[in-house]
Amino acid sequence: MATSPVLYIAAKPPVAGSVKTRLGHAIGDDAAASLYAAFLQDIAAEVRGTGLAAGWFLPRTPDWQPPGLGSRQVATRWQKGDTWSKRQANLYRETYEEGTAATVIVASDSPQLTGSGMRAGLAALADADVVLGPVLDGGYYLLGLRGDHDILHGVEMSTRTACADVVERAHRLNLDLQFLPATFDVDEVGDLEQLAEAAAILPHLRATRAALTAADERSLAAAPSAR
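Quick caveat: nothing in here was measured; it's all calculated off a predicted structure. (Residues numbered from 1 in each chain as written. Predicted model: local features only at pLDDT ≥ 70, side-chain atom pairs only at ≥ 80, totals over all residues. Heavy atoms only, no water.)

Once that is clear, we can look at helix α4 (residues 115-124). For α4, the set of buried residues is Gly115, Gly117, Met118, Gly121, Leu122 and Ala124. Lining the buried residues of α4 we find β1 (6-10), α2 (29-50), β4 (103-106), β5 (130-134), β6 (140-145) and β7 (177-179). (Buried < 20%, exposed > 50% of the residue type's maximum accessible area, 1.4 Å probe, protein only. Helix = DSSP H or I, 4+ residues; strand = E, 2+ residues; numbered from the N terminus. Contact = heavy atoms within 4.5 Å.)

Below you can see the structure in the form of structure tokens.
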């Protein structure tokens, strides 16, 4: 018998110099890592509010403990594979073989995703084979599968065509694909304006708001004095 659908959050330990490196070039590695740590706190808090079965999808880093995900948290899944495509594909295959009804992977650099958006991703898989949440730079913030589908074969991640390539692959396999609303992710300093706008109106982004304020204060402190 199939178990209930599960949502996994793909994340890394928030270590300065190893996460959000492009953003770190602009605001400093420490500030970028602090901001990313805030993303994880806010995403976890939002997951706890949904009551969904959820877990972390992490590189094997036993010394780091991510935030808790609530009473229905499932065991952490360790990432396996030498590319991001393979790591995702391995998770989908393993959970399918174990009898999970549907599996959704959510990225951790779009913290503005709300609980209703997470629920929508899982709900779409009651009918669709694939659910996809695009981001504006050509990637995606959410990908979910129901069934055993080689949806990521030949798809290169971190490119402006990654989302389009997944769509093409789904069509080639004759899969029923549903889309969630597009949004942004946070990779570069230019993305911070959209993030600040979202943080101003979304209650769950408490830690992100505080991290943005701290980053602004660091920038002001580091700026040369006006002459």
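Don't stop here, the text continues.
Take the pairing of strand β2 (residues 54-58) next. Counted residue by residue, β2 has five buried out of five residues, so it is predominantly covered. Where β1 meets β2, four bridges bridge the pair, whose relative direction is parallel. Pairing of tyrosine 8 across the sheet is with glycine 55, part of β2. One ladder, built from two bridges, connects β2 with strand β3 (residues 77-78); its direction is parallel. Note that in β3 the partner of phenylalanine 57 across the bridge is arginine 77. (Pairing = 2+ DSSP bridges.)

Viewed as axis vectors pointing N to C, α2 and α4 meet at an angle of 65°, and their least axial separation amounts to 9 Å. When the axes of α2 and α4 are compared, the crossing they make is right-handed. Across the interface between the two elements, Ile43, Glu46, Val47 and Thr50 of α2 pack against Gly115, Met118 and Arg119 of α4. Taken together, the residues of the contact of α2 with α4 sort by class into three nonpolar, two polar and two charged. (Axes fitted to C-alpha atoms, helices over the stretch in contact; angles between N-to-C directions. Left-handed = near helix turned anticlockwise from the far one by under 90°. Nonpolar A, V, L, I, M, F, W, Y, C, P; charged D, E, K, R; others polar.)

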